[in-house]
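Close look at the chain arrangement
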Amino acid sequence: MKLYSYWRSSSPWRVRIALAWKGIPHELVPVHLLRDGGEQHLPEFLARNPVQQVPVLVEDDGPEGPFVLTQSMAIIEYLEERHPDPPLLPRDPRARARVRELAQLVNSGIQPLQNLAVQQKLREAGLDPLPFVRGFVTTGLGALEQRAREGAGRFLVGDGPTMADLYLIPQLYAARRVGVNVDGFPTLREIELRCEALPAFQRAHPDVQPDREPAKLEG
(Lines give C-alpha, C1' and ligand atoms only; values in the text may rest on other atoms or scores of the structure.)
Protein backbone atom coordinates (compact mmCIF):
# COMPACT_ATOMS: atom_id res chain seq x y z
CA MET A 1 0.00 0.00 0.00
CA LYS A 2 1.29 3.47 -0.95
CA LEU A 3 0.08 6.86 0.22
CA TYR A 4 0.92 9.88 -1.92
CA SER A 5 1.21 12.75 0.53
CA TYR A 6 2.55 16.24 1.18
CA TRP A 7 3.85 16.74 4.70
CA ARG A 8 1.70 19.65 5.85
CA SER A 9 -1.36 19.24 3.64
CA SER A 10 -4.49 18.63 5.72
CA SER A 11 -6.04 15.92 3.58
CA PRO A 12 -3.20 13.36 3.53
CA TRP A 13 -2.49 14.16 7.18
CA ARG A 14 -5.95 12.77 8.04
CA VAL A 15 -5.14 9.54 6.21
CA ARG A 16 -1.74 9.26 7.88
CA ILE A 17 -3.47 9.35 11.27
CA ALA A 18 -5.89 6.62 10.18
CA LEU A 19 -3.06 4.40 8.93
CA ALA A 20 -1.10 4.92 12.15
CA TRP A 21 -4.16 4.38 14.35
CA LYS A 22 -4.90 1.06 12.65
CA GLY A 23 -1.27 0.01 12.37
CA ILE A 24 -1.47 -0.53 8.61
CA PRO A 25 1.92 -0.94 6.88
CA HIS A 26 2.38 1.46 3.98
CA GLU A 27 4.91 3.35 1.93
CA LEU A 28 4.78 7.13 1.96
CA VAL A 29 5.38 8.75 -1.43
CA PRO A 30 6.00 12.51 -1.11
CA VAL A 31 4.40 14.84 -3.65
CA HIS A 32 5.76 18.38 -3.39
CA LEU A 33 2.89 20.79 -4.00
CA LEU A 34 5.12 23.85 -4.51
CA ARG A 35 8.40 22.80 -6.11
CA ASP A 36 8.68 23.74 -9.81
CA GLY A 37 5.02 24.71 -9.92
CA GLY A 38 3.84 21.62 -8.05
CA GLU A 39 4.50 17.92 -8.66
CA GLN A 40 0.74 17.28 -8.55
CA HIS A 41 0.62 18.70 -12.09
CA LEU A 42 3.09 16.20 -13.54
CA PRO A 43 1.70 13.66 -16.04
CA GLU A 44 2.57 10.65 -13.89
CA PHE A 45 0.59 12.07 -10.97
CA LEU A 46 -2.30 13.20 -13.16
CA ALA A 47 -2.69 9.60 -14.26
CA ARG A 48 -3.50 8.73 -10.64
CA ASN A 49 -5.57 11.79 -9.76
CA PRO A 50 -6.74 14.18 -12.48
CA VAL A 51 -7.97 16.60 -9.77
CA GLN A 52 -4.27 17.23 -9.01
CA GLN A 53 -4.60 16.78 -5.26
CA VAL A 54 -3.25 14.59 -2.49
CA PRO A 55 -3.90 12.13 -0.93
CA VAL A 56 -3.88 9.19 -3.29
CA LEU A 57 -3.93 5.63 -1.94
CA VAL A 58 -2.63 2.84 -4.18
CA GLU A 59 -2.85 -0.89 -3.52
CA ASP A 60 -1.00 -3.17 -5.94
CA ASP A 61 -2.53 -6.48 -4.87
CA GLY A 62 -5.71 -6.42 -6.94
CA PRO A 63 -6.37 -9.13 -9.56
CA GLU A 64 -7.10 -6.44 -12.13
CA GLY A 65 -4.10 -4.28 -11.35
CA PRO A 66 -3.51 -1.46 -8.87
CA PHE A 67 -6.48 -0.11 -6.92
CA VAL A 68 -6.29 3.68 -6.83
CA LEU A 69 -8.41 5.76 -4.46
CA THR A 70 -8.52 9.52 -3.95
CA GLN A 71 -10.27 11.86 -1.47
CA SER A 72 -9.47 11.55 2.22
CA MET A 73 -12.95 10.61 3.39
CA ALA A 74 -13.32 7.82 0.83
CA ILE A 75 -9.87 6.51 1.77
CA ILE A 76 -10.52 6.58 5.52
CA GLU A 77 -13.89 4.86 5.13
CA TYR A 78 -12.24 2.21 2.93
CA LEU A 79 -9.56 1.63 5.54
CA GLU A 80 -12.27 1.37 8.20
CA GLU A 81 -14.10 -1.30 6.22
CA ARG A 82 -10.96 -3.27 5.42
CA HIS A 83 -9.43 -2.89 8.90
CA PRO A 84 -12.30 -2.28 11.34
CA ASP A 85 -10.21 -2.63 14.52
CA PRO A 86 -9.39 -0.36 16.19
CA PRO A 87 -12.45 1.52 14.93
CA LEU A 88 -12.75 5.11 13.76
CA LEU A 89 -16.55 4.96 13.43
CA PRO A 90 -18.85 4.07 16.35
CA ARG A 91 -21.35 1.23 16.11
CA ASP A 92 -24.36 3.34 17.04
CA PRO A 93 -25.99 4.76 13.86
CA ARG A 94 -26.60 8.19 15.35
CA ALA A 95 -23.06 8.46 16.65
CA ARG A 96 -21.73 7.39 13.24
CA ALA A 97 -23.86 10.06 11.61
CA ARG A 98 -22.53 12.69 14.03
CA VAL A 99 -18.94 11.67 13.25
CA ARG A 100 -19.60 12.07 9.53
CA GLU A 101 -21.36 15.40 10.11
CA LEU A 102 -18.43 16.91 11.98
CA ALA A 103 -15.88 15.50 9.55
CA GLN A 104 -17.84 16.91 6.61
CA LEU A 105 -18.11 20.29 8.30
CA VAL A 106 -14.32 20.48 8.00
CA ASN A 107 -14.02 18.60 4.73
CA SER A 108 -16.64 20.57 2.82
CA GLY A 109 -17.25 23.70 4.87
CA ILE A 110 -13.77 24.89 5.84
CA GLN A 111 -10.80 23.23 4.16
CA PRO A 112 -11.70 23.81 0.49
CA LEU A 113 -11.95 27.56 1.14
CA GLN A 114 -8.40 27.79 2.47
CA ASN A 115 -6.53 25.41 0.20
CA LEU A 116 -3.49 26.24 -1.89
CA ALA A 117 -5.32 26.45 -5.22
CA VAL A 118 -7.89 28.95 -3.88
CA GLN A 119 -5.18 31.15 -2.38
CA GLN A 120 -3.19 31.07 -5.62
CA LYS A 121 -6.23 32.12 -7.66
CA LEU A 122 -6.91 35.03 -5.32
CA ARG A 123 -3.30 36.19 -5.59
CA GLU A 124 -3.48 35.96 -9.37
CA ALA A 125 -6.50 38.27 -9.20
CA GLY A 126 -4.46 40.78 -7.22
CA LEU A 127 -6.15 40.02 -3.89
CA ASP A 128 -4.72 39.19 -0.51
CA PRO A 129 -6.15 35.74 0.27
CA LEU A 130 -5.62 35.84 4.04
CA PRO A 131 -8.62 38.00 5.10
CA PHE A 132 -10.87 35.85 2.90
CA VAL A 133 -9.46 32.61 4.27
CA ARG A 134 -9.47 33.72 7.90
CA GLY A 135 -13.10 34.70 7.72
CA PHE A 136 -14.24 31.32 6.43
CA VAL A 137 -12.00 29.36 8.79
CA THR A 138 -13.18 31.32 11.82
CA THR A 139 -16.83 30.89 10.91
CA GLY A 140 -16.38 27.18 10.24
CA LEU A 141 -14.51 26.53 13.47
CA GLY A 142 -17.18 28.45 15.35
CA ALA A 143 -19.82 26.12 13.95
CA LEU A 144 -17.69 23.08 14.75
CA GLU A 145 -17.15 24.33 18.31
CA GLN A 146 -20.90 24.73 18.80
CA ARG A 147 -21.75 21.30 17.41
CA ALA A 148 -18.96 19.66 19.41
CA ARG A 149 -20.02 21.38 22.64
CA GLU A 150 -23.50 19.92 22.24
CA GLY A 151 -22.37 16.30 22.29
CA ALA A 152 -18.63 15.80 22.76
CA GLY A 153 -17.10 13.40 25.25
CA ARG A 154 -13.35 13.30 25.70
CA PHE A 155 -13.17 13.50 21.91
CA LEU A 156 -15.47 15.04 19.31
CA VAL A 157 -17.88 12.10 19.48
CA GLY A 158 -17.65 9.96 22.59
CA ASP A 159 -14.62 9.04 24.65
CA GLY A 160 -12.39 7.62 21.92
CA PRO A 161 -10.92 9.07 18.71
CA THR A 162 -13.10 8.86 15.60
CA MET A 163 -12.82 10.00 12.02
CA ALA A 164 -14.07 13.42 13.15
CA ASP A 165 -10.94 13.95 15.25
CA LEU A 166 -8.79 13.08 12.22
CA TYR A 167 -10.33 16.09 10.51
CA LEU A 168 -10.11 18.40 13.50
CA ILE A 169 -6.39 18.20 14.21
CA PRO A 170 -5.05 19.18 10.75
CA GLN A 171 -7.68 21.91 10.53
CA LEU A 172 -6.54 23.59 13.75
CA TYR A 173 -2.94 23.45 12.49
CA ALA A 174 -4.02 25.04 9.21
CA ALA A 175 -6.03 27.69 11.04
CA ARG A 176 -2.96 28.80 12.96
CA ARG A 177 -0.95 28.93 9.74
CA VAL A 178 -3.33 31.52 8.27
CA GLY A 179 -3.38 33.55 11.47
CA VAL A 180 -6.59 32.42 13.17
CA ASN A 181 -6.48 32.45 16.99
CA VAL A 182 -7.96 29.11 17.99
CA ASP A 183 -8.07 29.91 21.72
CA GLY A 184 -11.66 31.03 21.23
CA PHE A 185 -12.69 27.41 20.62
CA PRO A 186 -12.10 25.80 24.03
CA THR A 187 -13.87 22.50 23.31
CA LEU A 188 -11.81 21.96 20.18
CA ARG A 189 -8.60 22.91 21.97
CA GLU A 190 -9.22 20.45 24.81
CA ILE A 191 -9.82 17.65 22.32
CA GLU A 192 -6.74 18.67 20.36
CA LEU A 193 -4.59 18.27 23.48
CA ARG A 194 -5.97 14.78 24.08
CA CYS A 195 -5.31 13.78 20.49
CA GLU A 196 -1.77 15.15 20.59
CA ALA A 197 -0.99 12.79 23.49
CA LEU A 198 -1.76 9.71 21.36
CA PRO A 199 1.13 8.00 19.49
CA ALA A 200 -0.84 7.61 16.23
CA PHE A 201 -1.45 11.35 16.05
CA GLN A 202 2.17 12.05 16.92
CA ARG A 203 3.47 9.77 14.15
CA ALA A 204 1.28 11.49 11.56
CA HIS A 205 2.28 15.06 12.47
CA PRO A 206 3.89 17.15 9.71
CA ASP A 207 6.99 17.83 11.78
CA VAL A 208 8.03 14.16 11.70
CA GLN A 209 7.32 13.45 8.03
CA PRO A 210 10.26 12.47 5.80
CA ASP A 211 9.51 15.28 3.34
CA ARG A 212 9.25 17.96 6.02
CA GLU A 213 11.26 21.01 4.97
CA PRO A 214 13.22 23.56 7.00
CA ALA A 215 11.19 26.68 7.71
CA LYS A 216 13.20 28.82 5.30
CA LEU A 217 12.21 26.56 2.39
CA GLU A 218 8.51 26.38 3.20
CA GLY A 219 6.05 27.97 0.78
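Along each chain, numbering runs from 1 in the same order as the chain's sequence is written. Note on the predicted model: pLDDT of at least 70 is required for a residue's local features to be given, and 80 or more for side-chain atom pairs to be given and counted; whole-chain, interface and lining totals, by contrast, use all residues. Working from all heavy atoms in the structure, the side-chain values ignore hydrogens and water.

Observations concerning the nonpolar core
Under the convention used in this document: For our purposes a nonpolar core is just a set of buried Ala, Val, Leu, Ile, Met, Phe, Trp, Tyr and Cys residues, chained together by side-chain atoms within 4.5 Å. Burial classes follow relative accessibility: with a 1.4 Å probe on protein chains only, a residue under 20% of its type's maximum area counts as buried, one over 50% as exposed, and anything between as partly exposed. The secondary structure listing takes helices from DSSP runs of H or I that are at least 4 residues long and strands from runs of E that are at least 2 residues long, numbered from the N terminus. Contacts are assigned to residue pairs that have any heavy atoms within 4.5 Å of one another.
Judged by nonpolar contacts, the single largest core of 59 residues is most densely connected at Leu79, Leu141, Leu156 and Leu188. Top contributing element to this core by residue count: helix α7 (residues 163-177), with 9 residues. Filtering out sequence-adjacent residues up to four positions away, Leu79 remains in contact with Met1, Val15, Ala18, Leu19, Lys22, Ile24, Leu57 and Pro84.

Looking at unusual backbone geometry
A cis amide bond, omega 10 degrees, links Val54 with the succeeding residue Pro55. In this fold, Pro55 is placed in the loop between α2 (43-46) and β3 (56-59). In this structure, the amide linkage connecting Asp85 to the following residue, Pro86, adopts the cis form with an omega of -10 degrees. With respect to the helices and strands, the residue Pro86 is situated in the loop between α3 (72-82) and α4 (93-109). Not every positive phi belongs to a glycine, and Asp36 is a case in point at roughly 55 degrees. Positionally, Asp36 belongs in the loop between β2 (27-30) and α2. The backbone phi angle of Gln71 is positive, close to 75 degrees, even though this residue is not glycine. Structurally, the position occupied by Gln71 is in the loop between β4 (67-70) and α3.

Concerning the packing of α3 against α4
Operational definition: Axis angles are defined between N-to-C directions and span 0 to 180 degrees, where every axis is a line fitted to C-alpha atoms and, for a helix, only to the segment in contact. Convention used here: angles under 35 degrees read as roughly parallel, angles over 145 as roughly antiparallel, angles from 65 to 115 as roughly perpendicular, and any remaining angle as oblique. Note on residue classes: Ala, Val, Leu, Ile, Met, Phe, Trp, Tyr, Cys and Pro are nonpolar, Asp, Glu, Lys and Arg are charged, and everything else, Gly too, is polar.
Relative to each other, α3 and α4 sit at 150 degrees, their axes nearing to 11 Å. Put simply, α3 runs roughly antiparallel to α4. The residues of α4 that touch α3, namely those facing Ser72, Met73 and Glu77, are Arg100, Ala103, Gln104 and Asn107. Residue composition of the contact of α3 with α4, grouped by class: 2 nonpolar, 3 polar and 2 charged.

A word on the environment of Gln146
Within the secondary structure, Gln146 is located in helix α6 (residues 129-151). Taking relative accessible area as the criterion, Gln146 reaches 45% and is therefore assigned partly exposed. Distance from Gln146 to Leu168, taken between C-alpha atoms, is 14 Å for residues 22 residues apart in sequence.

Quick word on the sheet that holds β4
Heads up, the rule is: Two strands form a pair only when DSSP identifies at least two bridges running between them.
Strand order in the open sheet formed by 4 strands is β2-β1-β3-β4, and the pairing between neighbours is mixed. The open sheet terminates on both sides in strands that have one partner only, identified here as β2 and β4. Along the sheet, successive strands turn relative to each other by an average axial angle of 20 degrees, direction set aside. Running over the sheet, helix α1 (residues 10-22) touches β1 (2-5) and β2 and is turned about 150 degrees from β1. Against the sheet, α3 contacts β3 and β4, and its axis sits at roughly 125 degrees relative to β4.

A word on the packing of aromatic side chains
This is how the line gets drawn: Put simply, two rings from Phe, Tyr or Trp (the six-membered ring, in Trp's case) pair if the centres are within 6.5 Å, and we call them stacked under 30 degrees between planes, edge-to-face over 60, tilted for the rest.
Counted by the stated rule, this structure contains 5 aromatic pairs. Their ring planes at 45 degrees and their centres at 5.2 Å tell us that Phe67 and Tyr78 sit as a pair that is tilted. Note that Phe67 is positioned in strand β4 and Tyr78 in helix α3, a separation of 11 residues in sequence. Overall, the relative accessible area of 16% leaves Tyr78 in the buried class.

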